[in-house]
Amino acid sequence: MTAHDWRAEIPSRPFVEAGLETHLPLPPGDRALVETGTELAPGDPLLEHLRDARIDEADVRSSVGAPPPVAGTRWSPTLATGRFRRGRPELEGELLAPVAGQRDRWRIVVGDHRSVGTSPVGGLVVDVRPGAEVRIRVAGLAVRGAMAAGASARGRLELATDPFGDLRPGGIDVGRAGSILVVGSRIDAEALTRARAMGVRGIVVASLPGKELRDFLASERRQRAALHPAPPFGLLVLDGTLRRPIASPIAELFERLAGREVALLVDPPALVFDAPDVELPAIDPDWVRLRSGPTAGAEGRVTGLAGRRRFAAGVMLEAAWVEIDGEPPVDTPLGDLERLV
Amino acid sequence: MSSEPRAFATVDQGTATVAVSLLGRLDGRWRLLGSTAAPASVPADALLHRLRARLDAADPGLAAGVGLAAAEAVADLPRVESRTTPPPVLVVVAATERVVRPLAAAAATAGWRVRAMALEGAEILSIASALADPSVTAVLAGASDPPGADERPLVGELAALAAAATQRRPDLVLVLAGGMSDAVNRTGLPVAHDRPGATLLAPAVATADGARLRELLDGVRGGASDGRRALATSTATLAEVLRRRIEVVEVGQSAGARVAAAWAPGAPAVSVTWATVAGAALIPPGADDTVVDEIAGWLAAPLDRLRLRDRLRELAVAPWGDATGEGAQVRLAAARAAVARLAGATPAFDALPAPDLVVAAGGAWSVAPGPAVALALADVLRRPGVRALGLDHASLLGPLGTIEDEAERRRVVADLRDELLLPLGSVLMPGALRAGHSAGRLGIVAADGPVELDLVPGGLELVDLPPGSRAIVDVRFRDTVDLGLRGRQFALEVAGGLGGLLVDLRGIPMRLPDRLERRRELLAAWQGALWTGVDA
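As the structure is a computational prediction, the values presented were derived from the model and not from experiment.

Student: Give me the overall build of chain B: which residues, what numbers.
Tutor: Check the secondary structure of chain B and you find 16 helices and 21 strands. In terms of overall dimensions, chain B has C-alpha extents of about 80 × 65 × 55 Å along its principal axes. For chain B, the proportion of its 536 residues judged to be buried stands at 56%.

Student: Report on the overall build of chain A, specifying residues and quantitative values.
Tutor: Scanning chain A from N- to C-terminus turns up 3 helices and 28 strands. Overall, the C-alpha framework of chain A stretches about 85 × 50 × 45 Å when taken along its three principal axes. Pairs at least 24 apart in sequence give 63% of the contacts found in chain A among residues at least 6 apart.

Student: Pulling in residues and values, what's your account of the pairing of strand S16 (residues 153-159) of chain A?
Tutor: Residues and elements named next belong to chain A. Buried residues dominate S16, accounting for 5 of its 7 residues. Taken together, the 4 bridges between S16 and strand S22 (residues 261-265) define a ladder with antiparallel strand orientation. What sits directly across from Ala 153, in S22, is Leu 264. In this sheet, strand S18 (residues 179-182) lies alongside S16 in parallel orientation, the contact comprising 4 bridges. Looking at S18, one finds that Glu 158 is bridged to Leu 181.

Student: Describe the interface of chain A and chain B, and please don't skip the residues or the numbers.
Tutor: With 49 residues of chain A at the contact, the number on the chain B side is 52 residues. Contributions of two or more residues to the side of chain A that touches chain B are made by strand S1 (12-13), strand S9 (93-98), strand S10 (105-110), helix H2 (210-225) and strand S26 (315-323) of chain A. When the residues that make up the side of chain A that touches chain B are grouped by side-chain class, the tally is 26 nonpolar, 13 polar and 10 charged.

Student: Would you mind going over the environment of Ser185(A) in detail, with residue names and values included?
Tutor: Residue and element names in this part refer to chain A. Mapped onto the secondary structure, Ser 185 falls in the loop between S18 and strand S19 (186-187). A sequence separation of 22 residues divides Ser 185 from Pro 163, and the C-alpha atoms of the two residues are 6.1 Å apart. If near-sequence neighbours (up to four positions away) are discounted, Ser 185 is found in contact with Phe 164, Gly 165, Asp 166, Ala 206, Ser 207, Arg 243, Arg 244 and Pro 245.

Student: Report on the pairing of strand S6 (residues 45-50) of chain A, specifying residues and quantitative values.
Tutor: All names here are of chain A. As paired elements, strand S4 (residues 31-32) and S6 share 2 bridges and run antiparallel to each other. Considered in S6, the bridge of Arg 31 is made with Glu 48. Note: S6 against strand S11 (residues 114-118), 5 bridges, orientation antiparallel. Within the sheet, the bridge partner assigned to His 49 lies in S11 and is Ser 115.

Student: I'd like a rundown of unusual backbone geometry, residues and numbers included.
Tutor: Residues and elements named next belong to chain B. Look at the link from Asp 145 to Pro 146: it is a cis peptide, with omega at 0°. Residue position: Pro 146 is located in the loop between strand S7 (136-143) and helix H6 (152-168). Residues Ile 508 and Pro 509 are joined by a peptide bond in cis, for which omega reads -5°. With respect to the element layout, Pro 509 can be found in the loop between strand S21 (501-504) and helix H16 (516-530). Of note, Asp 322 is a non-glycine position whose phi angle comes to about 50°, a positive value. Structurally, Asp 322 is set in the loop between helix H11 (305-317) and helix H12 (326-345). The backbone phi angle of Ala 432 is positive, close to 60°, even though this residue is not glycine.

Student: Describe in detail the packing of H12(B) against helix H13 (residues 370-380) of chain B, supporting the description with residues and values.
Tutor: All names here are of chain B. At a closest axis distance of 9 Å, the pairing of H12 and H13 adopts a crossing angle of 35°. Remark: the crossing between H12 and H13 carries right-handed chirality. Between H12 and H13, the residues in contact are Leu 332, Ala 335, Arg 336, Val 339, Ala 340 and Ala 343 and Ala 372, Ala 376, Asp 379 and Val 380, respectively. Taken together, the residues of the contact of H12 with H13 sort by class into 8 nonpolar, no polar and 2 charged.

Student: Quick rundown of H11(B)? Include the residues and the values.
Tutor: For H11(B), with 13 residues, the first-to-last C-alpha span of 18 Å sits near the 18 Å given by 1.5 Å per residue. Among all positions of H11(B), only Leu308(B), Arg309(B), Asp310(B), Arg311(B), Leu312(B), Arg313(B), Glu314(B), Leu315(B) and Ala316(B) are buried.

Student: Describe the nonpolar core, and please don't skip the residues or the numbers.
Tutor: When a protein is soluble and globular, its nonpolar side chains tend to lie buried together. If you look at the biggest cluster of nonpolar residues, it comprises 285 residues, and the most contacted ones within it are Ala107(B) and Val139(B). It is H12(B) that provides the largest number of residues to this core, a total of 12 residues.

Student: Could you give an account of the sheet that holds S16(A), naming the residues involved and the relevant values?
Tutor: Strand-to-strand pairing in sheets goes through backbone hydrogen bonds, with the strands running parallel or antiparallel. Residues and elements named next belong to chain A. Judged by pairing direction, the sheet is mixed, and its 9 strands sit side by side in the order S2-S14-S23-S22-S16-S18-S20-S21-S15 without closing on themselves. A single partner strand is all that each edge strand has here, and the edge strands are strand S2 (17-18) and strand S15 (147-150). Sheet analysis places S2 next to strand S14 (residues 141-144), joined by 2 bridges and oriented antiparallel. In the sheet register, Ala 18 faces S14, and the bridge partner there is Leu 141.

Student: An account of the confidence of the model for chain B is requested, with residue identities and associated values reported.
Tutor: In the predicted model, chain B carries a mean pLDDT of 93, and the fraction of residues at 70 or more is 99%. Confidence estimates for the predicted assembly give a pTM of 0.92 and an ipTM of 0.90.

Student: Break down the sheet that holds strand S12 (residues 271-277) of chain B for me, with residues and values.
Tutor: Residues and elements named next belong to chain B. The strand order across the open sheet built from 8 strands is S12-S11-S10-S13-S14-S15-S21-S18, with neighbouring strands paired in mixed fashion. Each edge of the sheet is formed by a strand with only one pairing partner; in this case those strands are S12 and strand S18 (460-463). Each adjacent strand pair in this sheet contributes to an overall mean axis angle of 20°, direction not counted. The pairing of strand S10 (residues 245-251) with strand S11 (residues 256-262) spans 7 bridges and is antiparallel. If you follow Val 251 over to S11, its bridge partner there is Gly 256. Running at roughly 25° to S11, helix H9 (residues 227-242) makes contact with S10, S11, S12 and strand S13 (357-361) of the sheet.

Student: How would you sum up helix H1 (residues 44-58) of chain B? Please name residues and give values.
Tutor: Residue and element names in this part refer to chain B. Between its first and last C-alpha, H1 extends 21 Å over 15 residues, near the 21 Å set by a 1.5 Å rise per residue. Buried within H1 are the following residues: Ala 44, Ala 46, Leu 47, Leu 48, His 49, Arg 50, Arg 52 and Leu 55. Packed against the buried residues of H1 are strand S1 (7-13), strand S2 (17-26), strand S3 (29-39), helix H2 (60-65) and helix H3 (73-76).

Student: Requested: an account of the environment of Ala142(A), with residues and values cited.
Tutor: Inspection of the secondary structure puts Ala142(A) in strand S14. Placed 123 residues apart in sequence, Ala142(A) and Leu265(A) show a C-alpha to C-alpha distance of 9.4 Å.

Calculation criteria
Residues numbered from 1 in each chain as written. Chains lettered and ligands numbered in written order. Predicted model: local features only at pLDDT ≥ 70, side-chain atom pairs only at ≥ 80, totals over all residues. Helix = DSSP H or I, 4+ residues; strand = E, 2+ residues; numbered from the N terminus. Buried ≥ 20, exposed ≤ 12 C-beta atoms within 10 Å, placed from the backbone. Contact = placed C-beta atoms within 7 Å. Pairing = 2+ DSSP bridges. Nonpolar A, V, L, I, M, F, W, Y, C, P; charged D, E, K, R; others polar. Axes fitted to C-alpha atoms, helices over the stretch in contact; angles between N-to-C directions. Left-handed = near helix turned anticlockwise from the far one by under 90°. Expected span 1.5 Å × (residues − 1). Core = buried A, V, L, I, M, F, W, Y, C linked by C-beta atoms within 7 Å. pLDDT = per-residue confidence, 0-100.

This is the structure we're talking about:
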C-alpha cells in the first residue's frame, strides 16, 4: 500500500502480531520458577502458586553483615540466626512488609497448598516482578481478541462449529478434553461451564453477551475459591457482545491451525500459535468486514470512498462504498468497517 | 512555526478518535481550511491526505496559495499535536475511610483512575497485592497532619506496606501526603532514592482544599503534550481573546475534563481551573450497573437493561461503530451521563461565576448533530443564567494548547476566533421558577420575525436563531427569578446557532419522571424537537 492509498482511511487492525508480550499474574506468596532472560518452551514450569495464602509473622533477624530483608524475597527459618533459628519450620514464605514498631519482625505470606503453574507459551521471560507479574515475549504469532476471561491456557485447536454457529452444552463431551475450541459466533455460560468441566482448556468465540460473561465469571470465581486445583481454562472473545460470525480470514487461519497446539492468553486477550509451516491466508486488499452496525459480521469488497453521507438519525459520517454478496455498493460508515492488515 | 509557514496541521490523537485539521494563512491571518476525524486506528496522515485532496478539488487556487497543491506537501506540513492516553492507575491508601475519601476525591479530579483502600478493617494481604499490581502506576499514601486519633494505631502499618511496595516495584511512584512521610521514615525500611520511580512529598489533603495535592498529582500524570492539560491552556487563551468566562466540558473514551477560564477586566491574567476525571469517560472501564442505569436514565429509545449493557460494551470496544440511528441515541445518552459524572466530581466549579460560553469538546460529540449536542449540554449542566453554547468541532483546542509561545498561541486563536467553535446556540435557564400555568412572557426578534412566547414552567421552548445572528430577548416574569441576577424583567443579548435559542424552563435541578415510559416519552419529545431524523 502506498502512502496515499485511500484504503488507509478505513479502520484496520493487524491480522496477526509477532512479538506479543503477555503478563501472567504473580501475586504475593507465589514464587517464580524462572528469571529474567529464561528461554521458555510451552509447558515449562513457570511459577509455584500458593492456593491458601495467609499472613504470619516471623523474626527475620539475620547474621551480622548479611543484607537486610527485602520485600518480595523468600524467607525461611533456616535463614535466621541464633535462637531465632528455632522458628516454626513451616513458617516459610515471602516477605511482605515489616510489622510497624517491631524491629526485625516481618509479615510473611505463607500457605500449605502449592501447585506448579506451567507456561502456556514458548518465549523469553522479559521481567519477573515478585508479588506482581511475570512478563513473557511470546514466540510465534498472535491473533488479538476484544476481551478474555479465566486463565491463560494451552491446548490443541479444534473447530467445534462453523464460523456462524452456536455451541450448545450437549455438544461438548470428554472427547474435547485438552482442546481449545473455536465455537463460532456465540456460546452461553452453561456451555462454558460444561466445557470447563469436560476438561476443555479454552473457548474462542466471536461474541459473548454481557449476561453470559457475568455468569461465567461468577462460576470462575467459585472454581478458583476451591482448594482442589483445576487446569487453567480461558475464554477469548474475538469481537464483542453482539452476535456476529468470526471474520473469514481468521476462521480460515483457525482451520489451518486445527489439530495444532495453541495458547489462549488473557492479558492481552490473544490466541498464540507457533507454526512456521502454516501459511497465513491471503487477504484481498479490498476485503472489508462490517464490524458494527445493523449488518455486523457481513463481509464485502470496498470499491471507494463515498465522502460524507447522511445516515439514520441525521448523523453525518464519512462513508465508503461496500459491495456485499455481489449486490450494488452501499454507503457504509467508515467507523463500522474494519480491515485486517 | 517561527519561519511563518503558509499552512500547518493540527492533530488531536485520542484513545478512540484521531482528529486533524488544516490551517492556512490567508490575507495575513490563519483560517481553518478543513477538518475531519476518524477512529484512532486510522493514521493521521491518511486523514490529512483526505483534507488536502478535498481542498485542492474545491479550490485549487487556494490550495496552491497555501502550498497544498501537491499530495507530497502533506509530509512536510508543520504540525501541532496533542495526545490523550488512558488514565494511569493510582492506588489511594490511608488508615481509615475518613481519610481515604478526600484523598481519593482529589486524585479522581487529577486524571487518575483511582482505587481507594482503607487499612482499617481490610486484609493486609489484599492491600499489599493491590499496591504491587502491575497495572498500578502510582500509590498515594496519606494521613492527616498530624495523624488523627483514629489513624495513629494504623499509620505505621500503612507506612510499612507503602515502603515495602517500593521494594517489590521500584518503578512505582510513591506520593506521601500529610503525616505519612514521617511515618515512612519511622518504619526503618528505607525507600531507595535511586530507584526508577519517584518518591514525592505532598501536603495533606486538607491544605488549600486539596488543590495543591491535586496539582501535584496532575503533574505526575501527564506529559507536556497531554491533550487535557493543553485543553486548559487553550481555553485560557480563548477566554482572553473573547474576553469571556468560558467553560469547556470534554468527554472522551478514556476520561472527561472540565475547564473554567475567566477573563475579567483589569485582572492581570485569565484565571483557569481544570479537572480531568477518569470516571467521566464515555464508558468507564468496568462500568457497573450504576453507570448503565445512569445512561438508561437519559435514553429515549426503548432498550432493556441487558441489551443496553451489551450495546455499551460494544461502544467501549468500538467507539466509532454503530454511530447511526439508535446507536447515536445511545452514544448521546452515554455522553450526558458522562457530563453528569464530570459535574458531580467537580462541585468546586459550581462555586465559580457562571460561564458566558459553554463548549463541548472531545470524541464523544464528534458524530452527533449540533442541535442534539446543544440539548445534551442544557439537559445536564443546570445552572441559572444565559449562556452561549459551542462545539470544538475541529478538535482544535487540544493541539493549539500545545503551542508553547503564548503570544503565538494567542495570535492563532485570535485569528481563528470565528471558526474555532461551531455555534450551537444559546440557552436561557431561569432558576427559582415557581410552578404554575404561566411564569411570564418572552419576546424576541428571531429569524422568522418577532416571536412572543408564553413561559410555561416545566417546558422547553425553541426559537429559531441561526448561526452568526444575535438578538435581544425581552423577558418578563411574573415573579422574581434567578438568571444569574435576581429579577423579573430582563433584556438579554443572545447568540444564534444550530440549535437556536433554548428557553429552558425545566427547573434547576431538572426532575424527570421516575416511571421509565413517561421519562422516555418526555426525553423523546425534547429530543425530537431539536434532532432532525432521530426517529429514522
